[in-house]
Amino acid sequence: MPKKLLIYFFYLLPLISVTQNFVLTGNVVDDRSFPVSFSNVVLYNAENFTFVEGTTTNENGEFQFENLKPNNYTIIVSYLGFEENKSTINLDKTKSIGTIVLKEKIETLDGITVVAKRPTVNRLVDRLVFNVENSTLSNNNVLDVLKYTPGVLVHDGKITVKQSIPTVYINDKKVHLSISEIQQLLEGTSANNIKSIEVITNPSAKYDAEGGSVINIVTSKNIIAGYNGNVFGNYTQGSEYPKYLFGTSHFFKTKKLSTYLNYSIAPRKEYLQNTEFINFLDDQSLVKSIWETNFERTRKTRTHNIKANIEYELNDRNTLGFSTTILVLPRDHNKTASNSLTEIFDSSRILDSTFKTLNRRVDETFNLAFNLEYVHKFKKIGEKLSINVHHTNYDFSSFQNVNTDYFFPDESLIRNNIFQTFSSQNAKLYTGQIDYELPISNTSQFETGIKISNIGTGNIITQYVFENGVKKEDLLNSDTFLYDETNYAAYFLYSNEWNKWSLKSGLRTEYTKIMGNSLSTNQINNSKYIKFFPSLQIVNKLNDNNEIYFNYKKRIYRPRYSQLNPFKYFLNDNTYVIGDPNLKPQIDDVFTLGYTFNKNYTFELYYRNEANPTLQFIFQDNENKQIIYKNTNTDTAFSYGLDFTTYTKILPNWNLYLLSSFFYYKNKFFTLDSDELFIADKWSVYGEITNSFSFLKDKSLSADVLFTYISATNDGPTDTSSRSGLDISMRKSLWNDRASLNLGVTDIFNTQNFDNTVKYLNQNAYTKYRSENRTFTFGFTYKFGNSYLKNNKKQIDFEERDRLK
């Protein structure tokens, strides 16, 4: 029998060698030439219309069938909101069917044309996508848009997501700036060319392990050949001073070349007023001196932003791109004037003395960032290699003159003290990254990559004092601090879908070497460590409307070089900022269990454990009567909570978004002057509700009404009071959407101000913060050039496409 089988095999061998299997490829676009991602492509036998094979297009609208026999086939391509496309092909060799165009399905009801549009908010398993294109917010600056973005809290000079500081990306490229500098960048950038804001609460291993969540700002791109552009501007009136933003954007695309250029200028004048009460205590924790300070600050800035991008298709498989972001705050238009009056009372509240401080400060910032990227697409659809190199050159300088007069209660002069401080910081960052993506099958994919980064910075602080009117350098309070950090990273990521389950898991490994050197003290701190950062996402789709998922991530917060500088930077005679060269990186473990029912309603339980959490302490030195701002590691901290979100349609012209978070935070820390352990904890509530309306038959008038509330919170040694705010914004498109006009009012009832309390052991301070939260904004945008260019503005996108993603 085996011999017969062997003979039969040799007889059939010539036949087998003649039989050939072919590959059929193609791509699907809509009638505006936008790729239709995740559309259904089904292959039938053309003679008897029996099913052969089915697949879906990838994110670029491409599809591929393999191992097909020579035959006549019927291809049917469909997607929700489009008319079905049917075509027949004679497959006698490996070939491409080319481009298949799906036509938009339009329905007419009582003379009104209704076009399917995606909602303002899309919730995916690992992220929330806030679509702002052509919304009431598109004429605002990007920082204002973040204030509207669900789950993002902008307050007190910080941006937070789920009570942690996020990392900001623009088009999946990390922004290498501090939080304050990022706010300056976003404040000076118009949202006119912003497509969406992605709040990625569970970043995969592909992203840097630094930071908690990721905020990815996605900008628009040209897809159709031609030119268009726009000019924009807005005027914002605060309670004290006006702010402006003007700019222009230009897009140009040929068959192989795509370019983008944006310039904006943002002159601003801002006012801040604080009232501070400090009770200095004796050894028995009794009040021995009371300091009450009224502080006022006016800051004038003029931010210049330049963004440019050029992309060239070398051929169908290779693309080369260059982009740059330039932020400039020139010295002539970056000035801060602050005045403070401090009254000093004894324990019986009898006035002992006063002092007045005038601080005049001039800053200058240049931040130049450059990216060069090469992308190679392999023959296999979805297989891709990306190579990216990045360089940032950051240059900051500051000069302040601090003049303090001390008075007796009768206002007669006791003495005068003047000091001046010059500080500068120059940083150079270099990164290189390689990413590789390999689809294993229609439902599984493998990704891997490596990254090397190095940052070197020099920070100079030179302080001058005046003795008998003669200026001399204060060597005890001057220093040069050198910092160098190198990071090596590698990751892999695997994802798969089967039946009703989907899995996305990854591991990122980072090896870090750090060197800090204080030249004046010859204090050198070297450290190196390797950390592993796993991530996991598991989803079980119970049915078409309900799913349950589990996420896990490990993240790191490395100390910034300014936080490691051990030298003092004096704000006035009695207040200074100091770093800690022994700061350790903070490591977070975050677990999330979520359940979505009826598509639109999601509950999330989360738990976050923080090892070596880093906090900025505002510490009062009771003996020397000084206020010290110092970053330090606390013992441990953890938080857990329940979040609820929904985005639902109330009426055809009324959508509602609701987010609520009920969470508990606990922090254990040691005081700066003792080894005594203190525990701080608090339950808090955060709520956000947005009502979006559209009016008129063509829906050219829209409005958003946003209300936010956050109860009292705790951040280790500091308790912050509750606050709330009501914002209204409106947008009217004009002249077939060639122009748009928007009006907005933020914090209508001026309830966003807050108070901070530090009260534990021998610390007793209270501060009231008052800023220009209530503003009125008027904006205008005009578009010119080819009005049919949509700059990657996919007007027709649907819930099903995002669900499949």
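Please refer to the structure placed before this passage.
Nothing here was measured: the structure is a model prediction, and the numbers come from that model. (Residues numbered from 1 in each chain as written. Predicted model: local features only at pLDDT ≥ 70, side-chain atom pairs only at ≥ 80, totals over all residues. Heavy atoms only, no water.)

Colleague: Can you walk me through the side chain of Ser 478 in this structure?
Modeller: Note on placement: Ser 478 falls in the loop between strand S28 (470-473) and strand S29 (479-498). Take Ser 478: its relative accessible area is 7%, and that puts it in the buried class. Among the polar contacts made by the side chain of Ser 478, one reaches the main-chain amide nitrogen of Gln 463 at a distance of 3.0 Å. Reaching out from Ser 478, the side chain makes a polar contact with the backbone oxygen of Asp 474 at a distance of 2.8 Å. Among all residues touching Ser 478, those that are not within four sequence positions of it are Ile 461, Thr 462, Gln 463, Glu 473, Ser 520 and Phe 567. (Helix = DSSP H or I, 4+ residues; strand = E, 2+ residues; numbered from the N terminus. Buried < 20%, exposed > 50% of the residue type's maximum accessible area, 1.4 Å probe, protein only. Polar contact = N/O pair within 3.5 Å; in protein donor to acceptor, adjacent residues only side chain to side chain. Contact = heavy atoms within 4.5 Å.)

Colleague: What exactly am I supposed to notice about the pattern of salt bridges here?
Modeller: Pairs may arise between side chains of opposite charge once their charged atoms sit close together. Summed over all chains, the structure comprises 16 salt bridges. The partner of Glu 270 in a salt bridge is Arg 268, and the shortest N-O contact between them spans 3.2 Å. By relative accessible area, Glu 270 is classed as partly exposed at 24%. The residue Glu 292 makes a salt bridge to Arg 349 at a minimum N-O spacing of 2.9 Å. Placement of Glu 292 in strand S21 (residues 287-315) and of Arg 349 in the loop between strand S23 (334-346) and strand S24 (351-377) is noted, with a sequence separation of 57 residues between them. (Salt bridge = Lys/Arg side-chain N within 4 Å of Asp/Glu carboxyl O.)

Colleague: For this particular structure, what's the right way to read the sheet that holds strand S5 (residues 71-78)?
Modeller: Spatial ordering of the open sheet is given by S3-S2-S5-S6, a layout of four strands whose pairing is antiparallel. Since the sheet does not close on itself, it has two edges, and those belong to strand S3 (51-56) and strand S6 (85-91), each with one partner. Averaged over all neighbouring strand pairs, the angle between strand axes comes to 20°, with direction disregarded. Where strand S2 (residues 40-45) and S5 come together, six bridges link them in antiparallel fashion. Residue pairing for S5: Asn 40 is matched across the bridge by Ser 78. (Pairing = 2+ DSSP bridges. Axes fitted to C-alpha atoms, helices over the stretch in contact; angles between N-to-C directions.)

Colleague: Before we go on, may I ask you to explain the nonpolar core in this structure?
Modeller: Side chains of a nonpolar character, in soluble globular proteins, are inclined to be buried together. Core analysis: the largest hydrophobic core is formed by 35 residues, its most contacted members being Leu 146, Val 152, Ile 197, Ile 215 and Ile 217. Residue contributions to this core peak at five residues, all from helix H2 (residues 142-148). Residue contacts for Ile 197: discarding those within four places in its chain leaves Leu 128, Val 129, Phe 130, Val 145, Leu 146, Thr 149, Ile 215, Asn 216 and Ile 217. Val 41, Val 77, Phe 82 and Leu 91 belong to the second largest nonpolar core, which has 18 residues in total. (Core = buried A, V, L, I, M, F, W, Y, C linked by side-chain atoms within 4.5 Å.)

Colleague: Help me out: how do you make sense of unusual backbone geometry in this one?
Modeller: With glycine set apart, most residues show a phi of negative sign, and most peptide bonds adopt trans. Unusually for a residue other than glycine, Asn 67 sits at a positive phi of about 55°. As for its position among the elements, Asn 67 is in strand S4 (residues 62-68). Judged by its relative accessible area of 59%, Asn 67 falls in the exposed class. Although it is not a glycine, Asn 499 adopts a positive phi angle of roughly 50°. Taking the relative accessible area as the measure of exposure, Asn 499 reaches 81% and is therefore exposed.

Colleague: Any chance you could explain the sheet that holds S4 here in plain terms?
Modeller: Whenever strands of a sheet pair, they do so through backbone hydrogen bonds, lying parallel or antiparallel. Here three strands make up an open sheet; going across it, the order is S4-S1-S7 and the pairing mixed. In this open sheet, the two edge strands, each paired with only one partner strand, are S4 and strand S7 (95-102). Neighbouring strand axes in the sheet, compared pairwise and without regard to direction, differ in orientation by 20° on average.

Colleague: Explain the pairing of strand S34 (residues 575-578) to me, please; I cannot follow it from the model alone.
Modeller: Side chains on a regular strand alternate between the two faces of the sheet. Sheet analysis places strand S33 (residues 568-572) next to S34, joined by four bridges and oriented antiparallel. Looking at the pairing, Tyr 569 lines up with Val 577 of S34. Counted between consecutive antiparallel strands, the loop separating S33 from S34 contains two residues. The sheet contact formed by S34 and strand S38 (residues 626-633) spans four bridges and is parallel. Note that in S38 the partner of Ile 578 across the bridge is Lys 630.

Colleague: Is there a simple way to think about the environment of Lys 93 in this case?
Modeller: Along the polypeptide, Lys 93 turns up in the loop between S6 and S7. Non-local contacts of Lys 93, meaning those with residues more than four positions away in its chain, are made with Phe 22 and Val 23.

Colleague: Just to check I follow, could you spell out the side chain of Asn 477 for this structure?
Modeller: Inspection of the secondary structure puts Asn 477 in the loop between S28 and S29. A relative accessible area of 16% places Asn 477 in the buried class. There is a polar contact of 2.7 Å between the side chain of Asn 477 and the side chain of Asp 474.

Colleague: Could you clarify how one ought to interpret the pairing of strand S39 (residues 636-651) in this entry?
Modeller: Relative to S39, strand S36 (residues 601-611) runs antiparallel, the two being bridged by eleven bridges. The residue bridging Tyr 601 from the neighbouring strand is Thr 646, located in S39. Bridge analysis of S39 against strand S40 (residues 654-670) gives 15 bridges, and the strand direction is antiparallel. Paired with Asp 643 across the bridge in S40 is Ser 661. Between the end of S39 and the start of S40, which pair antiparallel, lie two residues.

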